[in-house]
Number of protein chains: 2
Amino acid sequence: MARRNEQMRLGAFLYPSGHHIAAWRHPEAKADAGIDFRHYAALAQAAEAAKFDLVFLADGVGTRGDDVEFLSRTAHSYQAQFEPITLLSALAAVTERIGLVGTASTSFNEPYHIARKFASLDHLSGGRAGWNLVTSSSEHEARNFNRVRHFSHEERYQRAEEFADVVSGLWDSWEDDAFLRDKASGRYYEPARRHVLGHRGRHFSVQGPLNVARPPQGQPVVVQAGSSEPGKELAARRGEVVFTAQQTLEDAVAFYADLKGRLAGHGRRPEDLKILPGVFPVVGHSEAEAREKFEQLQALIDPVVGLALVSALTGADLSAYPLDGPIPELPPTNGSKSRQGLMLDLARRENLTIRQLYQRVAGARGHWQLVGTPAQIADALEERFQAYGADGFNVMAPVLPGGLTDFIELVLPELRRRGLFRTDYSGTTLREHLGLRRPPHPAARRRADAADAA
Amino acid sequence: MARRNEQMRLGAFLYPSGHHIAAWRHPEAKADAGIDFRHYAALAQAAEAAKFDLVFLADGVGTRGDDVEFLSRTAHSYQAQFEPITLLSALAAVTERIGLVGTASTSFNEPYHIARKFASLDHLSGGRAGWNLVTSSSEHEARNFNRVRHFSHEERYQRAEEFADVVSGLWDSWEDDAFLRDKASGRYYEPARRHVLGHRGRHFSVQGPLNVARPPQGQPVVVQAGSSEPGKELAARRGEVVFTAQQTLEDAVAFYADLKGRLAGHGRRPEDLKILPGVFPVVGHSEAEAREKFEQLQALIDPVVGLALVSALTGADLSAYPLDGPIPELPPTNGSKSRQGLMLDLARRENLTIRQLYQRVAGARGHWQLVGTPAQIADALEERFQAYGADGFNVMAPVLPGGLTDFIELVLPELRRRGLFRTDYSGTTLREHLGLRRPPHPAARRRADAADAA
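Bear in mind the structure is a predicted one, so any value in this text is a computation, not a measurement.

A. Broad picture of helix 14 (residues 402-417) of chain A. Residue and element names in this part refer to chain A. Its 16 residues give helix 14 an end-to-end C-alpha distance of 22 Å, which sits within 8% of 22 Å, the value for a rise of 1.5 Å per residue. The largest bend along helix 14 reaches roughly 35° and is located at Val-411, with the proline Pro-413 sitting one to four residues downstream. For helix 14, the complete set of buried residues consists of Gly-403, Leu-404, Asp-406, Phe-407, Ile-408, Leu-410, Val-411, Leu-412, Glu-414 and Leu-415. Turning to helix 14, the residues buried within the fold contact strand 1 (9-14), helix 1 (37-49), strand 11 (274-283), helix 9 (287-298), helix 13 (374-386) and strand 13 (392-395). Positive backbone phi, approximately 75°, marks Gly-419, located one or two places after helix 14.

Take a look at the structure:
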């Protein structure tokens, strides 16, 4: 297969002390990183100096889970950290080029608020905003928003589709050249360049116009992460970046081909959507050093946390069994049978103890884990990129800032030697970094088409 | 009456090009100020260097009005500017001491989102956040949020009361010392210091806990601006700063006494709430220079804009009558009769033309207007402060940055000579600037009370 005639795109997925479940206990971690703005500012500035495309923030509108004994032993589960839109806005003021992507759920928000905040962030940052459009599946989040029971999966996606349409329509409330601001004539804007949405749908009625001028990027970049069938359809219609998780090259290539293949059906080109799987890299100067780093983290997993995660995945309470003994025979679960099966197959196949099983699944929480030298990690990334399993990667450092520093200092030079990653930015907006075209305003496009036809 | 044994508190009320309705047309104004972050950063930094207590941002969740001919000639009416929470978050990163107060409506928001964003802003800024709690009265805003008709006034305030209770309860989800972050024991927080709200009310069901640690200020400062009866009751119960508009000393003193008198009924002390009326100052080295500055702005009011504002206030279309002729006899309005009466009384008493009437009411849009020398303006502010008509002022510069610079360079030195305003900050949080106590966590207070009783 010929080498691809383009470079990787890289995101720095920020998570308070790091992505490893026990990161906050690492000797070098800042345990209060989730509310330390200087920590995040330094990370974003380091990622920008290294020419990453974007920083990425996940979100949950509520703590995930009820088991306080477990929750009180983890810095994960969205318990006590900055809210992403406020944090990204502050980061906009201390960075100049890097993209700023934040997660906001369509399940418990109003499209007017979301359109407005990301448009405002795009103006604040000079065209660097991205919205990671998700649906919320957790009952714990629903209960913070007047709902005792959650939306069904189907209803969530129907709402998300309509939500995304309304947000996109609101971003086009004003044409790019609507604001004349002509002091002499007193004309602040051109009335014909203002568009009232007037949306009346099943879930939303939104009049508009949005009270923010058209964003510098035309529309902030829409990121999407669903991998269910409706999730992939939404991504094919609206997504411009897809954040995903695949363990094997085969799965990654299949997912890539599937998703890119859906674009034509929506009048889009393959290059209009970039697929960036997550990668959890543990880098060492030698393979032994990398393994040692990883084992140091693994040993920090609190058994209460590890057991709670394995119990959640297998649907069974394992706390009564010896940690260093085998997985017991389990009754069938009420939850996801396929997930329980995967866990148990893994444990039986490799003859894992309970502790070994939770160490296997808890650390990187299901993401693609690479433990090795810079060359080994660059090999794996290159292979997946060249095989069209990815257009780039969302880098999930095990510990922050150390894991990001390692990736920047050790892996990026190796990728650059191979011509796989930029040495400087060529544009100023997130769209330009990602090689995504700036969407023309629909009315301006219609006028241009009419002029061409005449 | 003895001189007050305290100093004024001052807010800098930022509005894109300035508060005068024609500010954007002023030769020195930045007409695109509403989406220029450097403009806002410079204003906030100037206000901070001058030791203002806070910057203040108003908000509307939608354009106010339908008359596009009018709207297209004004930079007001919340048409195309930054959203306040994103803007304040960005300003947090470029300032260190000044308070950051933003408006967010209780009518079209969820309390979990509002509690979370202001808590996050309080962490980002090291304890400088304030929430201006408003209800929305505009049908134009309602139509952006699935509502064809607006809530009634009574329903709006009932919702606001419950909303404020939920937000306050969520801010107390964690005690100040809940997060142990003890790497050795693996204990991230102390379960007994986590409090689940479990609110079930008429308008909201919100489980909690909030997924942000207790804010540095305990609770961000709550600002309120309603002057209706339910508005004043809400302020007396929950408000810590009240932003208000009174034209005369007599009205200001009466409002102040009324509001402060309501506090005891809610177990609060007079000093727990600060009353900061708006003031629109036009400062000149001489009175003639001040008048000239003001007339320059007045002459920039577009007749379309002036007529639309007067028509809105009188409930009558005056566009068919000569601008420099008298106000015609008008049929009774369907809108506010008292407001129409006030307008017409004013016009008849002073024999005003239509142009003179709109110039009178449009410029400062009903706020207390002071046109004069630094000494004259300081005299008026001092008089109102010493007479207990205000605890300070929210300064509404006619043009920005010029009007704020004038106030800082000309009026502040005069206030400082009289001992009426600080020369430096003595604290680091907005509460400390305002002389408001930090609220203890209710559970911590109960434990302390129990210990005292034992």
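B. View of the relation of the copies chain A and chain B. The two copies are related by a screw motion: chain A maps onto chain B through a turn of 180° and a shift of 0.0 Å along the axis, at an RMSD of 0.1 Å. This pairing of chains is accounted for by a two-fold axis. Relative to the rotation axis, the closest C-alpha in chain A is found at Ala90(A), a distance of 2.0 Å. Residue by residue, 100% of the interface of chain A is reproduced at the interface of chain B, so both copies engage with the same surface.

C. Helix 6 (residues 153-171) of chain B, seen in detail. Under the 1.5 Å per step criterion, the end-to-end length of helix 6 of chain B is 27 Å for 19 residues, consistent within 8% with the ideal 27 Å. Counting buried residues along helix 6 of chain B, 14 of its 19 residues qualify, which places the element largely inside the surrounding structure.

D. Up close: the interface of chain A and chain B. Across the contact, 75 residues belong to chain A and 75 residues belong to chain B. Here chain A and chain B share an interface that buries about 6500 Å² over both sides, 55% of which is from carbon and sulfur atoms. The tally of links between chain A and chain B comes to six salt bridges. Among the salt bridges present, the one from Lys117(B) reaches Glu83(A), with a minimum N-O distance of 3.6 Å.

E. The domain arrangement of chain A, seen in detail. Residue and element names in this part refer to chain A. If you check the domain split of chain A, you get domain 1 (9-294 + 363-453) and domain 2 (302-361). Taking the mean C-alpha position of each, domain 1 and domain 2 sit 32 Å from one another. Tallying the contact residues gives 10 residues for domain 1 and eight residues for domain 2. Seen at the junction of domain 1 and domain 2, the total is one salt bridge. Taking the shortest distance from any N to any O, the salt bridge between Asp-302 and Arg-73 comes out at 2.7 Å. In this assembly, domain 1 and domain 2 are joined by one residue pair in polar contact (both at pLDDT 80 or more). Across the side of domain 1 that touches domain 2, the residue classes break down as two nonpolar, three polar and five charged.

F. Representation of the pairing of strand 2 (residues 54-57) of chain B. Residues and elements named next belong to chain B. In strand 2, alternate side chains face the same way, and those of Leu-54 and Phe-56 on one face and Val-55 and Leu-57 on the other are all buried. Where strand 1 (residues 9-14) and strand 2 come together, four bridges link them in parallel fashion. Considered in strand 2, the bridge of Gly-11 is made with Leu-54. Running through helix 1 (residues 37-49), the crossover from strand 1 to the neighbouring parallel element strand 2 is right-handed. Here strand 2 pairs with strand 3 (residues 99-105) via four bridges, running parallel. Within the sheet, the bridge partner assigned to Leu-54 lies in strand 3 and is Gly-99.

G. Highlighting the packing of helix 10 (residues 303-314) of chain A against helix 12 (residues 354-362) of chain A. All names here are of chain A. Relative orientation of the contacting elements helix 10 and helix 12 amounts to 80°, with a least axis distance of 9 Å. When the interaxial angle is binned, helix 10 and helix 12 end up roughly perpendicular. Along its contact with helix 10, which presents Pro-303, Gly-306, Leu-307, Leu-309, Val-310 and Leu-313, the element helix 12 presents Ile-354, Arg-355, Leu-357, Tyr-358, Val-361 and Ala-362. Its residues assigned to classes, the contact of helix 10 with helix 12 comprises 10 nonpolar, one polar and one charged.

Quick notes on the rules
- Residues numbered from 1 in each chain as written.
- Chains lettered and ligands numbered in written order.
- Predicted model: local features only at pLDDT ≥ 70, side-chain atom pairs only at ≥ 80, totals over all residues.
- Heavy atoms only, no water.
- Helix = DSSP H or I, 4+ residues; strand = E, 2+ residues; numbered from the N terminus.
- Expected span 1.5 Å × (residues − 1).
- Bend = angle between axes of the 7 residues up to and from the residue.
- Buried < 20%, exposed > 50% of the residue type's maximum accessible area, 1.4 Å probe, protein only.
- Contact = heavy atoms within 4.5 Å.
- Least-squares fit on C-alpha atoms with pLDDT ≥ 70 in both.
- Buried area = accessible area lost by both parts, 1.4 Å probe.
- Salt bridge = Lys/Arg side-chain N within 4 Å of Asp/Glu carboxyl O.
- Domains from an automatic or database assignment.
- Polar contact = N/O pair within 3.5 Å; in protein donor to acceptor, adjacent residues only side chain to side chain.
- Nonpolar A, V, L, I, M, F, W, Y, C, P; charged D, E, K, R; others polar.
- Pairing = 2+ DSSP bridges.
- Right-handed = clockwise from strand over helix to strand, strands pointing away.
- Axes fitted to C-alpha atoms, helices over the stretch in contact; angles between N-to-C directions.
- Parallel < 35°, antiparallel > 145°, perpendicular 65-115°, else oblique.

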